[in-house]
Amino acid sequence: MNPGLVTSLCLICASLVHAVSPEKDGPVKTVIQQTFNLASHLKGNSSILLETYLRHQGSPFTDKDFHVQGLSYDGIPAAAISFLEWRLLSDLDRLDKNYKAYSIISEFLQLVWDDQFELNPTEDGLLNMLKDTRLQVQGLVNNLTIIISALRAPPSPVTDPLTLDAVKTNTFEKKVRGYVVCSTYKQWIDRTVRDFNLLVKKYPF
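Residues numbered from 1 in each chain as written. Predicted model: local features only at pLDDT ≥ 70, side-chain atom pairs only at ≥ 80, totals over all residues. Heavy atoms only, no water.

Within an unreviewed UniProt entry, the label attached to the protein chain reads Cardiotrophin-2-like, and the organism entered is Crotalus adamanteus. Per UniProt, the comment on the protein chain under Subcellular location (unreviewed entry) is "Secreted". (UniProt positions renumbered as here; feature names shortened; annotations may be inferred.)

Written out as structure tokens, the structure is:
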């Protein structure tokens, strides 16, 4: 990944985390617009993360046309939703589902980093990308917290899905788990862009 792009995304993320107080820095619509901008940047980065992850896992992950449709992993929130169900969500429900998803994904990204540090300790590009992605996801969580609170509704509590027993597994399952985390993160970023594209029209900047 281009180092300049990583730096730019981190700066965007850091600036958003700093500038998310509606009382001090403007109305909630400003934060919604900034979060939409951040999610749009991360959308392209999510594809690069998934491609980079697969490239370092060996067969079958590196086999031509490798793709597993609908693969899931216990505890990782699925992004898939029907159009009608998605369209009928309230603004707060839409935001809250994003908040819960990224709170959990952030924890799984740390686990994937730990797994890859064990399996691919010399692959600094992959490890740095996972670390940067988790930082950016935490930025999204911070922004979502501020937006939800500004709309007079505290974020829903999130139960940590990871226990020491849950993370213990063999090498192949660690690779599968990492694939599901990276691919699900990409699906959620796609959904978040759609969510915030709708929200910025309701709360124009």
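Okay, the pattern of salt bridges next. Side chains that differ in charge, positive against negative, can pair when their charged atoms come close. Within the structure shown, the criterion is met by seven salt bridges. Where Glu107 meets Arg134, a salt bridge forms, and the shortest distance between an N and an O atom there is 3.5 Å. A residue pair is termed long-range when its members are at least 10 positions apart, and Glu107 in helix α5 (residues 91–119) and Arg134 in helix α6 (residues 124–150) qualify at 27 residues. For Glu107, a relative accessible area of 31% puts it in the partly exposed group. One salt bridge connects Glu118 with Lys174, and the closest N-O pair in it is separated by 2.8 Å. Of the two residues, Glu118 is situated in helix α5 and Lys174 in helix α8 (residues 171–202); the sequence distance between them amounts to 56 residues. (Salt bridge = Lys/Arg side-chain N within 4 Å of Asp/Glu carboxyl O. Helix = DSSP H or I, 4+ residues; strand = E, 2+ residues; numbered from the N terminus. Buried < 20%, exposed > 50% of the residue type's maximum accessible area, 1.4 Å probe, protein only.)

Moving on: unusual backbone geometry. Backbone torsion omega between Ser59 and Pro60 reads 5 degrees, so that peptide bond is classified as cis. The backbone of Arg152 sits at a positive phi, close to 70 degrees, despite the residue not being glycine. Structurally, Arg152 is set in the loop between α6 and α7 (164–167). Since its relative accessible area comes to 71%, Arg152 is described here as exposed.

Evaluated as defined, the whole model comprises four aromatic pairs. Plain terms: the ring middles of Tyr102 and Trp188 are 6.2 Å apart, the flat faces sit at 65 degrees to each other, and that makes the pair edge-to-face. Taken together, the positions of Tyr102 in helix α5 and Trp188 in helix α8 put the pair 86 residues apart, joining distant regions of the chain. As far as burial versus exposure is concerned, Tyr102 and Trp188 are alike and both buried. Directly above the ring of Trp86 sits Arg94, whose terminal nitrogen or CZ lies 4.9 Å from the centroid. (Phe/Tyr/Trp six-rings, centres within 6.5 Å; stacked < 30°, edge-to-face > 60°. Lys NZ or Arg CZ within 6 Å of the ring centre and 35° of its normal.)

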